[in-house]
Amino acid sequence: MILYERMMRRCFELAQKGLGNVAPNPMVGCVIALDDQIIGEGYHQKYGGAHAEVNAIRSVKDVELLKKATLYVNLEPCSHHGQTPPCSDLINKMGIPKLIISNLDPNPKVAGKGVKQLKSNGIEVISGVLEKEGDIVNQRFFTFHRKKRPYIILKWAKTLDGFMDIDRSDPDKKHHYWITNPELKQWVHKWRSEETAIVIGAQTAINDNPMLNVREWEGTNPIRIVVTKDNELPTNLSVFNNLAKTIIFTSLNLKYPGENTSTIQLKPEDMFLENVLFELYKLDIQSVFVEGGFQLLKSLIDINIWDEARVLTGNKYFQKGQYAPVLPHQAVKKTIINKDFFELYINHNNIEV
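Our subject in this report is the structure included herewith. (Residues numbered from 1 in each chain as written. Predicted model: local features only at pLDDT ≥ 70, side-chain atom pairs only at ≥ 80, totals over all residues. Heavy atoms only, no water.)

1. Thoughts on the nonpolar core
One finds I152, L154, W156, I225, F249 and V290 to be the most contacted residues of the largest nonpolar core, which totals 32 residues. Setting aside residues up to four positions removed in sequence, W156 forms contacts with M164, L297, I301, R310, V311, L312, A324, P325 and L327. Membership of the second largest hydrophobic core comes to 28 residues, among which are F163, I200, V239 and F318. (Core = buried A, V, L, I, M, F, W, Y, C linked by side-chain atoms within 4.5 Å. Buried < 20%, exposed > 50% of the residue type's maximum accessible area, 1.4 Å probe, protein only. Contact = heavy atoms within 4.5 Å.)

This is how it looks when you write it as structure tokens:
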């Protein structure tokens with residue numbers, strides 16, 4: 001079992017290299033070993049590209065060794081035709097006699113079918129190795145399929161005196177004030193690149209006019225989502241600049257500019273966050289990074305629909321303005337970065353581990 005766990009942890013390391021590039025697929029890493037020696041490994045690098053098992057098998061120099069090898073993979077191999085052929089067929093074709101798996105796949109298209117097919121072909125399959133750790137690696141994917149909604153990460157920055165925004169009633173202070181240092185700004189842009197979409201409310205779009213891209217980091221811009229019940233958004237906002245896809249949720253019958261912009265209209269009585277999240281699920285949006293404003297963040301906290309929160313505190317004071325939300329949990333991690341700090345909160349009531 002110690003050998004199995006060592007190999008599976010290597011699968012986890014490989015899998016996480018796909019973060020931000022494989023959704024709505026899961027992150028998967030694969031190791032092929034002859035006894036305790038690794039002879040091949042790979043991971044799912046990009047949505048639509050080869051799966052981890054395929055890349056690992058391709059990396060083995062002497063394919064005859066596969067007939068005596070053990071394949072380790074953190075998620076059940078697929079058994080259906082999607083963007084690529086079934087991995088279970090390839091494993092069987094190459095004569096690999098034994099598989100070690102961490103998690104079964106909750107996707108109804110797989111959901112045990114891969115294991116069943118492999119066993120029916122005489123392949124020995126052992127599952128559940130480091131299952132809880134594997135659950136955490138793919139918490140976005142598992143939340144998406146189990147709860148029928150995206151994995152939700154809340155994020156905000158606040159001052160030492162607890163404010164997340166300036167006093168907007170002051171006519172001389174209408175522009176956005178950045179709270180934390182440039183290094184943390186880069187962190188935020190990295191985080192954006194790792195999620196499928198970024199969500200803000202109408203007031204944040206109007207007050208801050210954010211671009212919501214990853215210009216401080218090399219990566220893919222997330223889909224930009226603005227939730228506005230009955231506010232009409234100015235058409236000169238940066239979210240309409242066509243540099244990334246933008247979706248507006250609104251109860252108004254409006255069409256916004258830009259070939260990369262679409263509108264999803266809900267009835268006023270249906271403009272609940274649960275309905276918005278289900279619409280995102282139907283669009284295959286696996287994870288969202290919620291950056292504000294206060295009302296949107298507080299609403300998700302109040303109905304307890306969030307999975308983690310990343311709170312940044314800058315070394316400054318506003319003295320008055322909009323207070324930041326308060327979480328009903330203790331931080332599980334705190335990191336100091338150039339006199340500012342980052343706290344991570346996990347909603348253990350929502351994450352199945």
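2. Quick word on the sheet that holds strand β3 (residues 70–75)
The sheet built from five strands is open, its strands ordered β2-β1-β3-β4-β5 with mixed pairing. Single-partner strands in this sheet number two, and they are β2 (37–43) and β5 (124–126). Put simply, the sheet's adjacent strands are angled 20° from each other on average, direction ignored. Across five bridges, β3 lies against strand β4 (residues 98–103) in parallel orientation. Within β4, the residue paired with T70 across the bridge is K98. (Pairing = 2+ DSSP bridges. Helix = DSSP H or I, 4+ residues; strand = E, 2+ residues; numbered from the N terminus. Axes fitted to C-alpha atoms, helices over the stretch in contact; angles between N-to-C directions.)

3. Description of the pattern of salt bridges
Inspection of every chain in the model, using the stated rule, returns 16 salt bridges. Close ionic contact of E195 with R140 constitutes a salt bridge, the shortest N to O distance being 2.8 Å. One end of the pair, E195, is in the loop between α7 (182–193) and β8 (197–201); the other, R140, is in helix α6 (residues 139–147), and 55 residues separate them in sequence. For the pair E195 and R140, a shared accessibility class is recorded, and that class is buried. E291 is paired through a salt bridge with K155; the nearest N and O atoms lie 3.2 Å apart. In this pair, E291 sits in strand β12 (residues 287–292) while K155 sits in strand β6 (residues 151–158), placing the two residues 136 residues apart along the sequence. (Salt bridge = Lys/Arg side-chain N within 4 Å of Asp/Glu carboxyl O.)

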